[in-house]
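Architecture and fold: a report
If you want the building blocks of each chain, they are given just below.
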Amino acid sequence: MIGDDGMDGIKIGSGDAVSEAYAAFQSYVKLLADRGIILAVCSKNNPDIAKTGFDKPGSILKVDDFAAFEASWDDKASGLRKIAKKLNIGLDALVFVDDNPAECTLVRQELPQVGTVHLDGDPSDFIAQVEQGYWFQFQKYSRDDFARTQAYAMRAAALAEQDDASDLPSYLRSLEMMGQAARPSEGQIERVVQLGQKTNQFNLLTQRFDEQTVRDFMADDGNVVLACSLKDRFGDHGLVSVLIAQKQNDDLDIAEWTMSCRVFSRTFEQFIMNELIRRAREKNIRRIVGRFKETAKNTVVADLYDRLGFTREGEDRWVFDLSASTTLGETYVNAVSL
């Protein structure tokens, strides 16, 4: 522990087998980040002291490689809860890797939904100990995956600034958000499919469309398929939302709407819906119809259509009458060609 051993007690780099083993493990973790795995630190330590370990010559990982850095004297189960809240992800998306058996036991007891890996024995075996759980095996990656840690770090920076803002509108204006909602380009289709396949919280129907189905929707000129990108003064979040609406007679039926959790509650929803309204009017659509199918993870958007001004018709159906309404109120996202 760096707080006890100091910088000189940290073994990493070259020169002996143990240092090289720790360097190899850091290289492995860095590779996970390069593949889109979000990295976070959960340390029982003083934050400033904990960060100094990454300044040691030979350290492959740096503080900037981590989307969240939670260091305090609380137990690590509490730290993991704070990390999940900060990143706006479920606890079941976390894998906790630690060499302290007591902390690993506590996390298993307190947070059974968190994957836990106890690193034990020779550090040259650490990579194999993590790999044997198959936590990070994916068949396919999109370009957005490779910048995920940076994207979550940008979200954390924005939230930190929110704490200092006097009110929510002032905070949202200060983000200087610029968005685009447009038909997907060929290069975006893979990401469009991936968002639908992997997104669980902001996912109204959880349909899980494959690539051919998305292409079929796009082939029909009556439908609307929107790939929605957002950037702010902290950086470019990339393609973070997808909306697919299918023409049914005089209605547009929203068949899929997903959004990355890192851009929730920024009025990007209103921005996207206003673009759908504009396109619907061009097609002489009478109504936009939205539906919601509850899952264990998507209750955060259970009231989305109510908040957007739709009228509820039945248990899981909402309608927006285009003849009676114009737009959906104020949005702090400016339209721009990204």
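Residues numbered from 1 in each chain as written. Predicted model: local features only at pLDDT ≥ 70, side-chain atom pairs only at ≥ 80, totals over all residues. Heavy atoms only, no water.

A few points about the overall build of the protein
Helix and strand counts for the protein stand at twelve helices and 13 strands. Within the protein, buried positions represent 48% of all 338 residues. Contacts spanning at least 24 positions in sequence make up 67% of the contacts within the protein whose residues lie at least 6 apart. Of the accessible surface of the protein, which amounts to about 16,500 Å², a share of 46% is contributed by carbon and sulfur atoms. (Helix = DSSP H or I, 4+ residues; strand = E, 2+ residues; numbered from the N terminus. Buried < 20%, exposed > 50% of the residue type's maximum accessible area, 1.4 Å probe, protein only. Contact = heavy atoms within 4.5 Å. Areas by Shrake-Rupley, 256 points an atom, 1.4 Å probe, with all protein chains shown as cover.)

Concerning the pattern of salt bridges
According to the stated counting rule, one finds 18 salt bridges in the structure shown. Among the ionic pairs, Asp74 bridges to Lys82, the shortest N-O distance being 3.1 Å. Judged by relative accessible area, which is 38%, Asp74 ranks as partly exposed. In this structure, the salt-bridge partner of Arg287 is Asp251, at a minimum N-O distance of 3.0 Å. Of this pair, Arg287 sits in strand β10 (residues 287-291) while Asp251 is found in strand β9 (residues 251-259), placing the two residues 36 residues apart along the sequence. On the accessibility criterion, Arg287 (14% relative accessible area) is buried. (Salt bridge = Lys/Arg side-chain N within 4 Å of Asp/Glu carboxyl O.)

Concerning the pairing of strand β5 (residues 177-182)
Of the two faces of β5, the one holding Met177, Gly179 and Ala181 is buried and the one holding Met178, Gln180 and Ala182 is not buried anywhere. Across three bridges, the pairing between β5 and strand β13 (residues 333-335) is parallel. Looking at the pairing, Met177 lines up with Val333 of β13. Where β5 and strand β7 (residues 224-232) come together, five bridges link them in antiparallel fashion. Among the inter-strand pairings, Ala182 is bridged to a residue of β7, identified as Ala227. (Pairing = 2+ DSSP bridges.)

Quick word on unusual backbone geometry
A positive phi angle, close to 60 degrees, is found at Arg208, a residue other than glycine. Mapped onto the elements, Arg208 comes out in the loop between β6 (202-203) and α10 (211-219). A positive phi angle, close to 60 degrees, is found at Asn249, a residue other than glycine. Relative to the helices and strands, Asn249 is located in the loop between β8 (235-248) and β9.

What to know about the packing of helix α4 (residues 76-87) against helix α5 (residues 101-110)
In contact at an axis separation of 8 Å, α4 and α5 are set at 60 degrees when each is read in the N-to-C sense. In terms of orientation, α4 and α5 fall into the oblique class. The segment α4 lies against α5, with Lys76, Ala77, Leu80 and Arg81 engaging Glu103, Leu106, Val107 and Glu110. For the contact of α4 with α5, the class distribution of residues is four nonpolar, no polar and four charged. (Axes fitted to C-alpha atoms, helices over the stretch in contact; angles between N-to-C directions. Parallel < 35°, antiparallel > 145°, perpendicular 65-115°, else oblique. Nonpolar A, V, L, I, M, F, W, Y, C, P; charged D, E, K, R; others polar.)

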